[in-house]
Structures are given as C-alpha cells and as structure tokens.
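Chain by chain, the residues run as shown.
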Amino acid sequence: MKTIYRIFGAIGLLSLLSACNGESDWENALHTDNYLQIEGEVVGNDMATKATMDPLGISYSVFETGDDIGFFSYHSPDCEREDDQREHDKTDDTDYFKNERLVYSNDKFISDEIKNIPLSRLGLTFAYFPYADIAQSGPDGYTKADGNPLAENEHYIHIFKDGNIVDLLTASKIQYADVNYKFHHKFAMLLLYLGEGFSTENNTQLTVHLTEKILGAHITRKRKGAFPYEDFEFTVDKVSKSNSVEGSSFVVYRKEPTGERVVYPLILPEGVEIDYIEVKDITGVQQKVKPTKEALPELKGEWKYPLTIQMEGITPTVYPHEIIPWGKPTEIKVDKTFGIYTDVKFQEWLDLYNKCNGNLPTDAGSDEFKALTEFGEYNDSEEPRGWRFYLRDNIDCSRITATNGVLINTLTDRVMLDGGNNILSNLKLEVPSDGKAGLIGKIEGGDLRNLRLEFVTVTNAHSGSPAGCIAAEISGGQILNCTVKNAFMSCKKGGPSGVLAGKMTGGIVDNCKFHGTVLAPSSTGDQTYKGIVGEITGGGSLSNITNRVIFDE
C-alpha cells in the first residue's frame, strides 16, 4: 500500500453477490461469479498524489494489488432462514463470518471463500486493514485487561507491526444493498518535533513510554435490545503500569522533512497517556520529558497531535500546537481545550478579568463564571487552588490596548496564568501621569508561569512611577519559568524600572531569563539584578536568574 503525508479515509462500495432466486438480489450483483466483493478507493487523492510515496511510511492512502482485509458479519435478526430464528440467540452462530480474508485485485477486495450469500443474510459487518491471520483467541495465553480469556463472541485484532502500533483502518456498517463502506483511522498520530536545546542530528530516534501496557485489541459481537440489534464493539486491552507491570514503550524514528521540519511520528490508540519521552539534548544528556495534560489532551482517533520538545532554561518542556484532523473525520469531533488562542480572545479575557477587579466569581451558576470558563477552569480540590487560565498559542499584542499602562490590573491569590511556553509579542506600554506600566499592574499573590514575552517596549517619563515588562510591582505570589527577550525600556526621567518589575517587596521568582536594554535611574542597589528590578525592598526572593540586560543609567 502506498502512503502520503496527509491521509484521508478510505471509502468503498460493498457489493454482495447472491445466488439466491430473489430477483432483487441479482439486481444488486455486479458480477455473476457469486463471490463476495467489496469495491474500495481512497477519497481525496488524485492521480498525482497516488504516485507520491510518503516519507513517513507509517500511514495508508490507497489500496494496491495483494492488500487484504479481515471481514466479519453477523446475520440480521429478521433475515430469512430455513432454520429456527432462535439460532440467532446462540453465543456463537455457526454462520457468523469471522476474520474472513478478502484480497485486493482489479479495484476490489474479493473473497475466495464467501460464496452464494444473499444480501438479506448479512446484517452488521465489520472490516479492518491490514489483515492478520491470528487465531480468534489471539496469541497463546492472551488475556484481556480484566485477566480473562476472550469469549466465543469476541475476536482478537492484531494491532502491532515491527514493534509499534499499526495504522489500523476499520469500517463497520449495516448493509442492506450497495452502500458506502468507509474505512477510517482507528487510532491517533503523534507528531514530535525538536526545538531549542535539542538537535535532530543526535536523535535518530526517540522513545515514548506510556503509563499503561498495551496487550492487544479485540472486537465483541453483542446483542442490543433495539435497532440495530447487534454491534461490533472495538476494545484496546491495556493495564496500568505497576510494580509488576512495565508500561509499553515505542521507538520513534526520525523522518526526513517533506518541505518542513524533521518529524518523529507515532501511531497510538486513543485514550492512552504518555508517561515520558526519552530524548538527548544538544549536550548529549538523556532527558525525560513529561507532557502535561494541557499540552497533550486525551488522544482521540482520527486526529493528529503535533508537539515540540524544547528547553526552557534548564528544564525540558513540551510546546503544544493546535490539534489537526487526520483526513476528514465526520463522526468524531474534538473541541478545543479551554484557553486563550487569539489576540481577539486575549482582549475578551482581559476585559472579563479586569472587570472582576481581583474578586473572581466562584459561583458556577453566575454569568461571569460561565464566561471565564472559555479561558480557564476553576478548581478548588487540588493545588494550585482557584482559577487557572491558559495561553494556548503565540499572540501578537500590537492591537491590544493597555488601560492606564497595564493589560492585567492585578494578579491575586487563587489565580494562575499559565503561558504554556507561548509568546506574547509586540507589547507597547506607556506609564500615564498618575499610573504605572507592565503586563500586570501588581502581582500580589497567585501564580504566573511558563510565559514568554518578546519585543516589549516600555516608556516612562513620570518620576516615582514604577514600570516593568512583566509587572509594575510585585508584593507576593510566584513567577516561575518566565522569559523576557528583546525588551526596550526608556525611563530616564521615570521611577524605578526593570525588565521583570519596577518595584519588588515580596514574592518568589525562580528559573527566569531576561534580555534587553534598560535606560533608567539606578535604584536597586544590587548589581546582580540591575536592569531586572528597579527597586528591591523588604522580602521576596530571586533564584536561578539569567540576566542579559544592558543597563544604562
């Protein structure tokens, strides 16, 4: 089977050839050799793309001669049979087709076993690709996640290839006549990229470790009480990692770029959770990178999840991108995780947040609470407690209007703003005659983390007014893993000024980096943090700070 980088679902026509005497059944037959035949093609591909090989080499596009599928069918409960209808209630119907092999030839899948079957005899069907000739009960000693062997109405489905998970295509639909038969990607694709602090040259492969051990998969034929009466249920058998059970691990090989970046692609069943990713940094040190749930939400079949692994200071992190559909899924919809994605939404969040004036709602029934849940979540059961807001993409702030020199009035207790290592760029802040300047007016509690600011311009011509790129003042709270790059502050006649903050009387700042130019009066008295904080008095602590600020009095 040939492959391409962007994959679409395979769709075909199920044509069941009949040898019964019913005239309608013969009308549905395309040929007269009386064997089951399934016509199939891959939608979204023209002749040009069919001739293109996919460097990824792990996903399917068009069927070729010799490709084979596994086919299952269970009778319709109202089909015409010579024997008693009660046969349908048996655990294992002898006329139930199990993993029949159909081989692709002359633009269709053809069975050399299933012959003379009227359409009325076939109810629910299930097909999968690629075919695996494995016993119904699976490999020797195979058990499901609950430790039990497969039952008579269950059948093992092989999902492994060369030690990794295969791109399984499945299709299931009740057939009455010639109808569309659509194959879709059962699993999800993870696309890993390497960013700052890592190199593709010294990583020919990565290793992805899961929190669970994947045993295999099976389908279950079960009887329902209402239409469509029966169902084929697909289940991935997996058990949680423990002292006695190792989680599954998969080797992901480097694929050369197809006009963009080098990528490490991996197929994974939906619902699995990544424990950590092994990757070497540019110094050759093996790092274990653990994605957060915010960076990598729950995996869903038929979707691709791009992630960039990069260093933030001395910490390896995962930078998320927008989830993209794998082909054109029509039945599965993935909603965006709550958060701030665009400059328009950033402005909406600023207006809502500042309107609360530091007193955010906790009543889930209030209009303000419901409006804020588009951008974050309220959690009062685990740390950090309170509201958590998330930046989900890089945002150009050139069209964002600062009110009285600040964008966010205050950051208070029980509020967290997580930048997700995304960038707010092109901020322009000017200190008003009776105010101050900063992304945040005052940090007096709460939590600011994983935020990057780039190309920040601050001007201050008013004596005594504090100005900073991150905050005008810090009296409490914590600032973790934040970066300011290419900052320019012109505050020659102004008050205390610094790339982090104008004034600091409390709070914790850890693992942050600062870069830029500050033209301001010297007031900190501490050469270590000159240019970072204009004035430090009282409590507060700074640790693991990188100071690359050019300071000119």
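Residues numbered from 1 in each chain as written. Predicted model: local features only at pLDDT ≥ 70, side-chain atom pairs only at ≥ 80, totals over all residues. Heavy atoms only, no water.

The secondary structure content of the chain amounts to four helices and 37 strands. Excluding contacts between residues fewer than 6 apart, the proportion of contacts in the chain whose partners are at least 24 apart in sequence is 75%. Summed over all atoms, the accessible surface of the chain reaches about 25200 Å², with 46% contributed by carbon and sulfur. (Helix = DSSP H or I, 4+ residues; strand = E, 2+ residues; numbered from the N terminus. Contact = heavy atoms within 4.5 Å. Areas by Shrake-Rupley, 256 points an atom, 1.4 Å probe, with all protein chains shown as cover.)

The subject of this paragraph is the sheet that holds strand S18 (residues 274-280). If you trace the four strands from one edge of the open sheet to the other, you get S16-S13-S18-S19, paired in antiparallel fashion. Sheet topology places strand S16 (249-253) and strand S19 (286-289) at the edges, where each strand pairs with a single neighbour. Between one strand axis and the next, the sheet turns by 25 degrees as a mean value, whatever way the strands run. Relative to S18, strand S13 (residues 205-210) runs antiparallel, the two sharing four bridges. Considered in S18, the bridge of Thr 207 is made with Glu 278. (Pairing = 2+ DSSP bridges. Axes fitted to C-alpha atoms, helices over the stretch in contact; angles between N-to-C directions.)

For helix H3 (residues 343-355), with 13 residues, the first-to-last C-alpha span of 18 Å sits near the 18 Å given by 1.5 Å per residue. Residues of H3 that are buried include every one of Asp 343, Phe 346, Trp 349, Leu 350, Tyr 353 and Asn 354, and no others. Buried residues of H3, seen end-on, are gathered within an arc of 120 degrees and therefore sit on one face of the element. In this structure, the buried residues of H3 make contact with helix H4 (367-372), strand S24 (386-390), strand S25 (395-396), strand S26 (406-411) and strand S27 (415-425). Immediately beyond the C-terminal end of H3, within one or two residues, lies Asn 357, with a positive phi of roughly 55 degrees. (Expected span 1.5 Å × (residues − 1). Buried < 20%, exposed > 50% of the residue type's maximum accessible area, 1.4 Å probe, protein only. Arc of directions from axis to C-beta.)

Using the criterion set out here, one finds 16 aromatic pairs in the structure. Consider the rings of Phe 72 and Tyr 128, whose centres lie 6.4 Å apart with planes at 40 degrees: the pair is tilted. Here Phe 72 is found in strand S3 (residues 68-73), whereas its partner Tyr 128 is found in strand S6 (residues 124-129), with 56 residues between them in sequence. Under the relative-accessibility criterion, Phe 72 is labelled buried at 0%. Between the aromatic rings of Phe 338 and Tyr 390, the centroid separation amounts to 5.9 Å while the plane-to-plane angle is 45 degrees, which identifies the pairing as tilted. On the criterion of sequence distance, the pair formed by Phe 338 in the loop between strand S22 (324-325) and H3 and Tyr 390 in strand S24 is long-range, its members being 52 residues apart. For Phe 338, a relative accessible area of 27% gives the class partly exposed. Through a chain of ring-to-ring contacts, the aromatic side chains of Phe 346, Trp 349, Tyr 353, Phe 369, Tyr 378, Trp 387 and Phe 389 assemble into a single cluster. (Phe/Tyr/Trp six-rings, centres within 6.5 Å; stacked < 30°, edge-to-face > 60°.)

On average, the chain scores 80 in pLDDT, and the residues at 70 or more come to 79%. Per-residue pLDDT stays below 50 along residues 175-180; that stretch engages in 22 contacts with residues further than four places along the chain or on separate chains. Counting interchain partners and residues more than four positions distant, the pLDDT-below-50 stretch residues 329-335 has 10 contacts. (pLDDT = per-residue confidence, 0-100.)

Inspection of the entire model under this criterion finds 13 salt bridges. Lys 345 serves as the salt-bridge partner of Glu 374, at 3.0 Å between the closest nitrogen and oxygen. Taken together, the residues span a long stretch of sequence, with Glu 374 in the loop between H4 and strand S23 (376-379) and Lys 345 in helix H3 at a distance of 29 residues. Owing to a relative accessible area of 37%, Glu 374 belongs among the partly exposed residues under this scheme. Looking at Lys 345, the relative accessible area reads 27%, which means it is partly exposed. We note a salt bridge from Arg 388 to Glu 377, for which the minimum N-O separation is 3.7 Å. (Salt bridge = Lys/Arg side-chain N within 4 Å of Asp/Glu carboxyl O.)

Time to look at the pairing of S16. Along S16, the buried face is formed by Phe 250 and Val 252; none of Ser 249, Val 251 and Tyr 253, which line the opposite face, is buried. Relative to S16, S13 runs antiparallel, the two sharing five bridges. Across the sheet, the residue bridging to Val 208 is Phe 250, located in S16.

Judged by nonpolar contacts, the single largest core of 70 residues is most densely connected at Ile 157, Ile 159, Leu 190, Phe 234 and Leu 268. Element by element, the count of residues in this core is highest for strand S12 (residues 188-194), at seven residues. Apart from the residues within four sequence positions on either side, Phe 234 is in contact with Phe 126, Ile 157, Ile 159, Leu 168, Lys 186, Phe 187, Ala 217, His 218 and Ile 219. In this structure, Leu 350, Leu 407, Leu 417 and Val 456 belong to the second largest nonpolar core, which totals 59 residues. (Core = buried A, V, L, I, M, F, W, Y, C linked by side-chain atoms within 4.5 Å.)

Following Phe 129, the chain continues to Pro 130 via a peptide bond in cis, the omega torsion being 0 degrees. Structurally, the position occupied by Pro 130 is in the loop between S6 and strand S7 (154-157). Phi at Asn 99 is positive, roughly 50 degrees, even though this residue is not glycine. Relative to the elements of secondary structure, Asn 99 occurs in strand S4 (residues 97-105). Here Asp 162, not a glycine, exhibits a phi torsion of approximately 55 degrees, which is positive. Secondary-structure assignment places Asp 162 in the loop between strand S8 (160-161) and strand S9 (164-165).

Looking at where Ser 248 falls in the secondary structure, it is placed in the loop between strand S15 (230-240) and S16. Between the C-alpha atoms of Ser 248 and Glu 212, which are 36 residues apart in sequence, the distance is 6.2 Å. Sequence-distant contacts of Ser 248, defined by excluding residues within four places in its chain, comprise Val 208, His 209, Leu 210, Glu 212, Lys 213 and Ile 214. Only 2.8 Å separates the side chain of Ser 248 from the backbone nitrogen of Ile 214, close enough to count as a polar contact. (Polar contact = N/O pair within 3.5 Å; in protein donor to acceptor, adjacent residues only side chain to side chain.)

Further remarks concern the side chain of Asp 237. In this structure, Asp 237 sits in strand S15. Reaching out from Asp 237, the side chain makes a polar contact with the side chain of Tyr 142 at a distance of 2.4 Å. When neighbours within four sequence positions are excluded, Asp 237 is seen to be in contact with Tyr 142, Lys 144, Ala 145, Lys 213, Ile 214, Leu 215, Gly 216, Ala 217 and His 218.

Before going further, it helps to examine the side chain of Thr 200. Mapping Thr 200 onto the fold places it in the loop between S12 and S13. Not counting chain neighbours up to four residues away, the residues in contact with Thr 200 comprise Leu 194, Arg 254, Val 262 and Tyr 264.

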